[in-house]
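Okay, here's what each chain looks like letter by letter:
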Amino acid sequence: MINLLKHEFFKFFRSLGFKLLIIIVSGISLFFVGLSLLMLSGIEMPEGYSYDMQGYSAIVNAFGDFSNVSIVIAVIISMIVVAEFQSSTIKNTVMYNQSRLKIYIAKYLLQLVAITIAVTAYLLAYIILFNAYSGWGEVFSFSSLWNNYIKIYLMGMLLCYAISAFINFFAYLTKSTALLIVIIIAITFIFSILYTIQNDLPPLLEGFSKILFSLVVMRYYSDSSIINLVYYFISVVLLFFPFFLGGYMLFNKQEIK
């Protein structure tokens, strides 16, 4: 298992695709912080709507509704999983004298490391620019650092790992980069609509809208109640366990040519 992990990590982190990924992710953060600053300086907000641009809220604005982060995760999984199926190099990995469960776990662990690096790079670039323009916005303290940054970062990353299992399932199902990206964009778009119209939904769908992965961290940030923390963990559990197991079942049953 250790040798398999070393092989997978060496292959991915030495690839040109990983270096391009970091550049692209940093570019995405520059683009979205630019949009945020544009909203602050040049766009008039509708009556009754406020856009919090203080530096201490930068990480929340960077995560947004997780649609941007989900696309980054989908690109990473495409590079790690889909690319091997499309190039037929997956058969070399399967012939590595390791069980498919170990191969599946090794690739998932690689995803987690790559996601941590890429998402952190995205957040850092966004936060540095955001704070340079807006300032912190309140008296700086360890408490504000923990509540506005560290805690949200940890919750956001755990959610990213669960989202990885969710997207991983569709990667093994479709084995197509284009189709995978389209599916994830469509799902995040549908989730955003459900959140927007949640008050008009039937009770069952209204309850579902409260555990959407795109907004559970933001909901907890705005209201740090026990119930919103429960919604967060429900979302993490539902995203991780069924889709992690489902992805393995798909991989285990697939005929590798």
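It should be noted that the structure appears before, not after, this text.
Summarised in this report is the structure supplied together with it. (Residues numbered from 1 in each chain as written. Predicted model: local features only at pLDDT ≥ 70, side-chain atom pairs only at ≥ 80, totals over all residues. Heavy atoms only, no water.)

### Considerations on a nonpolar patch on the surface
And step 1. Where nonpolar side chains cluster on the molecular surface, the patch consists of Ile 226, Ile 227, Val 230, Ile 234 and Leu 238 and spans about 440 Å² of accessible area.
And step 2. Topologically, Leu 238 is positioned in helix H11 (residues 226–253).
And step 3. On the accessibility criterion, Leu 238 (45% relative accessible area) is partly exposed. (Patch = residues over 30% accessible without salt bridge, like charges linked within 9 Å, V, L, I, M, F, W, Y side chains within 5 Å. Areas by Shrake-Rupley, 256 points an atom, 1.4 Å probe, with all protein chains shown as cover. Salt bridge = Lys/Arg side-chain N within 4 Å of Asp/Glu carboxyl O. Helix = DSSP H or I, 4+ residues; strand = E, 2+ residues; numbered from the N terminus. Buried < 20%, exposed > 50% of the residue type's maximum accessible area, 1.4 Å probe, protein only.)

### Section: unusual backbone geometry
And step 1. With a phi angle near 65 degrees, Ser 88 is a residue other than glycine that sits in the positive phi range.
And step 2. Secondary-structure assignment places Ser 88 in the loop between helix H4 (67–87) and helix H5 (90–94).
And step 3. Residue class for Ser 88 comes out partly exposed when judged on its relative accessible area of 30%.
And step 4. Not every positive phi belongs to a glycine, and Lys 175 is a case in point at roughly 50 degrees.
And step 5. On the secondary structure map, Lys 175 appears in the loop between helix H7 (142–174) and helix H8 (177–196).
And step 6. For Lys 175, a relative accessible area of 31% gives the class partly exposed.

### Some details on the side chain of Ser 78
And step 1. Structurally, the position occupied by Ser 78 is in helix H4.
And step 2. The contacts of Ser 78, once residues within four sequence positions are left out, are Ala 83, Thr 177 and Leu 180. (Contact = heavy atoms within 4.5 Å.)

### Examining the pattern of salt bridges
And step 1. Using the criterion set out here, one finds four salt bridges in the structure.
And step 2. We note a salt bridge from Glu 8 to Lys 107, for which the minimum N-O separation is 3.0 Å. With a gap of 99 residues between them, Glu 8 in helix H1 (residues 2–13) and Lys 107 in helix H6 (residues 100–134) connect regions that are remote in the sequence. Comparing Glu 8 with Lys 107, the two get one shared label, buried.
And step 3. One continuous salt-bridge network, built from bridges that share partners, spans Glu 8, Lys 11, Glu 84 and Lys 107.

### Observations concerning the packing of H4 against H8
Each pair of packed helices can be described by the angle between their axes along with the distance between the axes.
And step 1. With their axes 9 Å apart at the nearest point, H4 and H8 run at an angle of 155 degrees to one another. It follows from the interaxial angle that H4 and H8 lie roughly antiparallel. The two elements H4 and H8 meet at a crossing, and its hand is right-handed. Packed against H4, whose contacting residues are Ser 67, Ser 70, Ile 71, Ala 74, Val 75, Ser 78, Val 82 and Gln 86, the element H8 presents Thr 177, Leu 180, Ile 181, Ile 184, Ile 185 and Thr 188 at the interface.
And step 2. Split by residue class, the contact of H4 with H8 holds eight nonpolar, six polar and no charged. (Axes fitted to C-alpha atoms, helices over the stretch in contact; angles between N-to-C directions. Parallel < 35°, antiparallel > 145°, perpendicular 65-115°, else oblique. Left-handed = near helix turned anticlockwise from the far one by under 90°. Nonpolar A, V, L, I, M, F, W, Y, C, P; charged D, E, K, R; others polar.)

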